[in-house]
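Structural characterization, general
What follows is the residue order along each chain.
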2 protein chains.
Amino acid sequence: MDHIKAIAFDLYGTLFDVHSVVARCDEQFPGRGREISTIWRQKQLEYTWLRSLMNRYVTFEQATEDALRFTCRHLRLDLDSEACKTLCEAYLRLQPFPEVPETLRELRRRGLKLAMLSNGSPHSIGAVVGNAGLRGEFDYLLSVDPVRVYKPDDRAYLLAEKAFGVGRSSILFVSSNAWDATGARYFGFPTCWINRSGSVFEEMGQTPDWQRGGLDEMLSLFDSGAAGR
Amino acid sequence: MDHIKAIAFDLYGTLFDVHSVVARCDEQFPGRGREISTIWRQKQLEYTWLRSLMNRYVTFEQATEDALRFTCRHLRLDLDSEACKTLCEAYLRLQPFPEVPETLRELRRRGLKLAMLSNGSPHSIGAVVGNAGLRGEFDYLLSVDPVRVYKPDDRAYLLAEKAFGVGRSSILFVSSNAWDATGARYFGFPTCWINRSGSVFEEMGQTPDWQRGGLDEMLSLFDSGAAGR
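- As named in an unreviewed UniProt entry, chain A is (S)-2-haloacid dehalogenase, taken from Paraburkholderia saeva.
- Quoted straight from UniProt, the Sequence similarities (unreviewed entry) entry for chain A says "Belongs to the HAD-like hydrolase superfamily. S-2-haloalkanoic acid dehalogenase family."

As structure tokens, this is what we get:
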């Protein structure tokens, strides 16, 4: 892995647990937290893809709020403006997965440059990373907002190549989202899929270069003498 | 509604019932038909959106087969090549919703030009419409295949405007898929959302001009003296 100089991480679902909003949802709608969180996340993704295709970008915060409104209408739950605000703000206080902080520090000790490359807005990324006390671990926090299109559009992945200033084949891309790992691999990043839940990968003509059950398991890729792929 | 000269219909889910494949799925995997059909359809849509965003078009038949393979792996069901072929072919023999044939004939009697505008390939559209005996009701069967991108990209909707040769404001677009109705409305088509199941509309900044519970209920829009929107 000597050829890898830098790592770009996805945020939502990869370093931070999107379902950590379940507890907030449960407070507003007792017993419905898991159901709300699942549909909300699915719709949030759909809205980023569909708005990209329609060339009708809105910020990730707006897509997140829109997805929550859809979810509550779909489930016939009454969402007042205060509950909406409370739940959307929960997306700014996502919890990192337990192994994430120490793994990031270890990767930095090994001399790798690190970036976040996220669909989130600069404000969202800064808040989530800052609230978790991880701002110092990243060389770059990259949002798709300047290009106004969401992953898996190539223009989003290009942001990481430009920021690091090295060729894409020297940048490892890490995501738990199989569609994101697929897009990154088509773009040309060597790609590691973090599969914490024993899921199956998407069927879109790509497979990840590596698959790991947690971020810490990725460290072995950088052990001296580790074989290539 | 005198300004409407032509109507473009979505195929999958709008004129034809995608869940009419449930029986075929049940034959292959007893008791699992509904579950397979639901995930299969969701993934089929996701793959059309994601491949469009990644600029990695494959035909609708290929996306459909890929989605079925994902679905069966996800559900830990063993899909052999014969079952895969049988189930994918079921997508060529979808049933029209009961009110569809007579409604199409009535719209033609009223002098409207009709087109199908579908994500399906020319082969798929021709097979589905032909197997249902409805080929004669359409002036145009339009596939996104020539532009190699799926709805809701503008280039897909443009195919209908070009085929009819009239301005988009004179073309009524009809879909049961709320994301499709959203895209059509952003494009500039007056849009009718067919909502047979009491669903809620998407939250992407548009609402349909009309909402009807079935295709037959759309006819009243063309009664003489019917008010505008």
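Read on for the rest.
Structural notes on the relation of the copies chain B and chain A
- At an RMSD of 0.0 Å, chain B and chain A line up after a rotation of 180° and a shift of 0.0 Å along the axis. Both copies of the chain, as the preceding transformation shows, are related through a two-fold rotation axis.
- A share of 100% of interface residues in chain B that are also interface residues in chain A marks the association as one of identical surfaces.

Regarding the pattern of salt bridges
- As enumerated under the stated definition, the model contains 41 salt bridges over all chains in all.
- Between A:E102 and A:R105 there is a salt bridge; the shortest N-O distance is 3.5 Å. Taken together, the residues span about one helical turn, with A:E102 and A:R105 both in helix α5 (residues 100-109) at a distance of 3 residues.
- Of the residues examined, A:E102 reaches a relative accessible area of 42% and is grouped as partly exposed.
- Put simply, B:R108 and B:D139 hold a salt bridge, and the shortest N to O gap is 3.4 Å. Here the residue B:R108 occupies a position in helix α5 (residues 100-109), and B:D139 occupies one in the loop between α6 (122-131) and β5 (140-143), the gap between them amounting to 31 residues.
- Beyond isolated ion pairs, a larger network of salt bridges with shared partners links A:E102, A:R105, A:E106, A:R108, A:R109, A:R110, A:E137, A:D139 and A:D223.

With respect to the layout of surface pockets
- By volume, the second largest pocket is sized at about 340 Å³.
- Forming the walls of the second largest pocket are 22 residues, and the residues nearest its centre are A:S52, A:D153, A:R155, B:D153 and B:R155.
- Elements with a minimum of two residues in the lining of the second largest pocket: α2 (33-53) and α7 (154-164) of chain A together with α2 (33-54) and α7 (154-164) of chain B.
- A per-element tally of the lining of the second largest pocket places α2(B) first, with 4 residues.
- A per-class count over the lining of the second largest pocket returns 8 nonpolar, 4 polar and 10 charged.

Thoughts on the sheet that holds strand β7 (residues 191-194) of chain A
Residues and elements named next belong to chain A.
- In spatial order, the strands read β5-β4-β1-β6-β7-β8; together these 6 strands make up an open sheet with parallel pairing. Edge positions in the sheet fall to β5 (140-143) and β8 (210-212), since each has one partner strand and no second. Here the strands of the sheet are splayed against their neighbours by 25° on average, with no regard to which way each runs.
- Both strand β1 (residues 6-9) and strand β6 (residues 171-175) contribute to a ladder of 4 bridges, which runs parallel. By the bridge assignment, I7 is partnered in β6 with L172.
- Docked against the sheet, α7 engages β1, β4 (113-118), β5 and β6, running at close to 155° with respect to β4.

Quick notes on the rules
Residues numbered from 1 in each chain as written. Chains lettered and ligands numbered in written order. Predicted model: local features only at pLDDT ≥ 70, side-chain atom pairs only at ≥ 80, totals over all residues. Heavy atoms only, no water. UniProt positions renumbered as here; feature names shortened; annotations may be inferred. Least-squares fit on C-alpha atoms with pLDDT ≥ 70 in both. Contact = heavy atoms within 4.5 Å. Salt bridge = Lys/Arg side-chain N within 4 Å of Asp/Glu carboxyl O. Helix = DSSP H or I, 4+ residues; strand = E, 2+ residues; numbered from the N terminus. Buried < 20%, exposed > 50% of the residue type's maximum accessible area, 1.4 Å probe, protein only. 1 Å grid on protein atoms, 1.4 Å probe; cavity = no way out; pocket = protein on both sides within 12 Å on 5 of 7 lines; lining within 4 Å. Points joined across faces, edges and corners; volume = space filled by probe spheres on them. Nonpolar A, V, L, I, M, F, W, Y, C, P; charged D, E, K, R; others polar. Pairing = 2+ DSSP bridges. Axes fitted to C-alpha atoms, helices over the stretch in contact; angles between N-to-C directions.

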